[in-house]
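Residues per chain, in single letters:
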Amino acid sequence: LAPPPDADQVVQAALDQNESAWPPSPAAVAAATHAVTNGHLYPDADANILRAAISSTHGIAAERIVCSAGSMELISALVCTYAGRGDEVLSSDYAYAFFRAATALNGATYVAAPERNFHVDVDALLDAVTEKTRLVFVANPGNPTGTHLPSRELMRLRAALPADCLLVIDEAYGEFAQDTALENAKLGAREDVVILRTFSKAYGLAGLRVGWSVFPPSVAVEIRKALNPSNLTAPGQAAAAAAVRDQAYMRNVVAETAVQRAAFIMRLQDCGLSVSDSHTNFVLVDLGDEPSAVRINAALRDVGIFCRPMGLYGLPAHLRITIGTASAMAQTADRLARHVRAEENR
Ligand SMILES: *Cc1c(COP(=O)(O)O)cnc(C)c1O
């Protein structure tokens, strides 16, 4: 085997899945490990301990909280329950791709409203509503854009949507943002709004598959019917309950991510790259044109730096790059600067 290029300097940074650069809280690891010793027992189908921990941390009634095997399971269950053939599911141009996939899997029609400068545009969403619209998905902050919509805009959207249309606010990156629907008592208490959260990003539990959500109680009853009754594993429940009780650990991860993100964005801007405003653990970088993005992505992969190409989102000139450790980001920025210069001199 020929040695890989730059074999002496292979970085090995998986910056393509928005995983946390840090392992879970030690309390979460200990709780999951203990739960494995009782692995012969079925998990609690109602995730009572986990829901109680979320309830007391966030001040949300436990009856409004639904847990799931990652929030993707809830996205599927929502579409499966509320939208079928002939119905429309509405989101926006650069919305999370799984909204579209879940819609297609259930035979419903996906409608994407235009965004403005990589921000969700409430007026464009409202213009795209028809009598067939059953669900409206807004990821806030967005993925892959990273941008954030103030909750007053979400309230304006909700107020203008038809009453029989459910608004789903996916806050997978809510811990990295300020002004979230979860913190907004008016949005969270409504009977026509669902808020999705996950332990996969800021809490670093992506491998354990735990999502949670705030549901109107009447919708929670319906959605539970579409979920596998034993959807969460016992170690996943135990880890997530311990993780949510350890807010200090999660807050440190969020703070350190913000420090690394700011430094990385500064480096990218120094080489003249444009980066969209990020309220998440990743950035969306514009590399100018598709051939440059393809070449730069390939060159980064050759040295073990994995970024996410954005062709699937109709953004072939962009890469989405997860914020990793300080050393991973410094090396990624160095390489990017070098490749961007090489592109300019082509
Ligand atoms: C990562 C992500 C999710 C899914 O996370 P799970 O691991 O299934 O909990 C959901 N929505 C968005 C926008 C995401 O980026």
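Quick note: structure is the one above.
No experiment lies behind these values; they were computed from the predicted model shown.

A. Broad picture of the site of the ligand. Taken together, the neighbourhood of the ligand is formed by Gly-70, Ser-71, Met-72, Tyr-96, Asn-143, Asp-170, Ala-172, Tyr-173, Thr-198, Ser-200, Lys-201 and Arg-209. Met-72 is positioned such that a nitrogen or oxygen atom in its backbone is 3.0 Å from an oxygen atom of the ligand. The contact in question runs from a nitrogen atom of the ligand to an N or O atom on the side chain of Asp-170, over 2.6 Å. Here the ligand is seated within the largest pocket. Split by residue class, the shell around the ligand holds four nonpolar, five polar and three charged.

B. Focus on the nonpolar core. Core analysis: the largest hydrophobic core is formed by 51 residues, its most contacted members being Leu-50, Ile-54, Cys-67, Val-138, Leu-167, Phe-199 and Trp-212. At six residues, helix 9 (residues 234-245) tops the list of elements feeding residues into this core. Discounting residues that sit within four places of it in the chain, Leu-50 has contacts with Cys-67, Phe-199, Val-210, Leu-232, Gln-237, Ala-240 and Ala-241. Core analysis: the second largest hydrophobic core is formed by 32 residues, Ala-77, Tyr-110, Leu-284 and Tyr-313 among them.

C. Quick peek at the sheet that holds strand 7 (residues 193-198). Taken in spatial order, the seven strands line up as 2-8-7-6-5-3-4 in an open sheet, and their pairing is mixed. A strand with exactly one partner marks an edge of an open sheet, and here the two such strands are strand 2 (65-68) and strand 4 (109-113). With strand direction ignored, the average angle separating the axes of adjacent strands in the sheet is 25°. In this sheet, strand 5 (residues 133-139) lies alongside strand 3 (residues 88-92) in parallel orientation, the contact comprising three bridges. Of the residues in strand 5, the one forming a bridge with Leu-90 is Val-136. Packed onto the sheet, helix 4 (residues 97-105) meets strand 3, strand 4, strand 5 and strand 6 (166-170) and runs at close to 155° relative to strand 4.

D. Representation of the layout of surface pockets in the model. Considering only enclosed or pocket space, the largest pocket measures out at about 500 Å³ in volume. The set of elements that each furnish at least two residues to the lining of the largest pocket consists of helix 3 (71-82), helix 4 and strand 12 (308-309). Considering each element in turn, the lining of the largest pocket owes the most residues, three residues, to helix 3. Broken down by class, the residue content of the lining of the largest pocket amounts to 13 nonpolar, seven polar and seven charged.

E. Structural detail: unusual backbone geometry. Going from Asn-140 to Pro-141, the amide bond is cis rather than trans, its omega being -5°. Topologically, Pro-141 is positioned in the loop between strand 5 and helix 6 (151-160). Between Asn-143 and Pro-144 the backbone carries a cis peptide bond, its omega angle lying at 15°. Mapped onto the elements of the fold, Pro-144 is located in the loop between strand 5 and helix 6. At Asn-18, a residue that is not glycine, the phi angle is positive and equals roughly 55°. Among the structural elements, Asn-18 can be located in the loop between strand 1 (13-14) and helix 1 (26-37). Residue Asn-18 is classed as buried on the basis of its relative accessible area, which comes to 1%. The phi angle at Arg-209 is positive, at roughly 60°, despite the residue not being glycine.

F. View of helix 1. For helix 1, which comprises 12 residues, the first-to-last C-alpha distance of 17 Å matches the rise-based estimate of 16 Å (1.5 Å per residue) to within 8%. Every buried residue of helix 1 is listed here: Ala-28, Ala-32 and Ala-35. Axial view of helix 1: buried residues confined to an arc of 60°, hence all on one face. In helix 1, the exposed positions that point more than 90 degrees away from the buried face belong to Pro-26, His-34 and Thr-37. Close packing links the buried residues of helix 1 with helix 9. Structurally, the start of helix 1 carries an N-cap: the backbone nitrogen of Ala-27 is 3.1 Å from a side-chain oxygen of Ser-25.

G. Structural detail: the packing of aromatic side chains. As enumerated under the stated definition, the model contains six aromatic pairs in all. Plain terms: the ring middles of Tyr-96 and Phe-99 are 5.5 Å apart, the flat faces sit at 85° to each other, and that makes the pair edge-to-face. In this structure, Tyr-96 and Phe-99 share a single accessibility class: buried. Put simply, the rings of Tyr-96, Phe-98, Phe-99 and Phe-137 touch in pairs and so form one group of aromatic residues. Directly above the ring of Phe-282 sits Arg-320, whose terminal nitrogen or CZ lies 5.7 Å from the centroid.

H. Expanded view of the pairing of strand 7. Counting buried positions over the six residues of strand 7 gives six, a clear majority of the element. Across the two faces of strand 7 the burial is the same, with Val-193, Ile-195 and Arg-197 and Val-194, Leu-196 and Thr-198 all buried. As defined by bridge partners, strand 6 adjoins strand 7 across four bridges and the pair is classed as parallel. Across the sheet, Asp-170 pairs through a bridge with Leu-196, a residue of strand 7. Here strand 7 runs beside strand 8 (residues 211-214); their pairing, made up of four bridges, is antiparallel. Each bridged residue has a counterpart across the sheet, and for Ile-195 the counterpart in strand 8 is Val-214.

Thresholds, definitions, all that
- Residues numbered from 1 in each chain as written.
- Predicted model: local features only at pLDDT ≥ 70, side-chain atom pairs only at ≥ 80, totals over all residues.
- Heavy atoms only, no water.
- Near = heavy atom within 4 Å.
- Polar contact = N/O pair within 3.5 Å; in protein donor to acceptor, adjacent residues only side chain to side chain.
- 1 Å grid on protein atoms, 1.4 Å probe; cavity = no way out; pocket = protein on both sides within 12 Å on 5 of 7 lines; lining within 4 Å.
- Sits in = over half its atoms within 2 Å of the grid points.
- Nonpolar A, V, L, I, M, F, W, Y, C, P; charged D, E, K, R; others polar.
- Core = buried A, V, L, I, M, F, W, Y, C linked by side-chain atoms within 4.5 Å.
- Buried < 20%, exposed > 50% of the residue type's maximum accessible area, 1.4 Å probe, protein only.
- Helix = DSSP H or I, 4+ residues; strand = E, 2+ residues; numbered from the N terminus.
- Contact = heavy atoms within 4.5 Å.
- Pairing = 2+ DSSP bridges.
- Axes fitted to C-alpha atoms, helices over the stretch in contact; angles between N-to-C directions.
- Points joined across faces, edges and corners; volume = space filled by probe spheres on them.
- Expected span 1.5 Å × (residues − 1).
- Arc of directions from axis to C-beta.
- Phe/Tyr/Trp six-rings, centres within 6.5 Å; stacked < 30°, edge-to-face > 60°.
- Lys NZ or Arg CZ within 6 Å of the ring centre and 35° of its normal.

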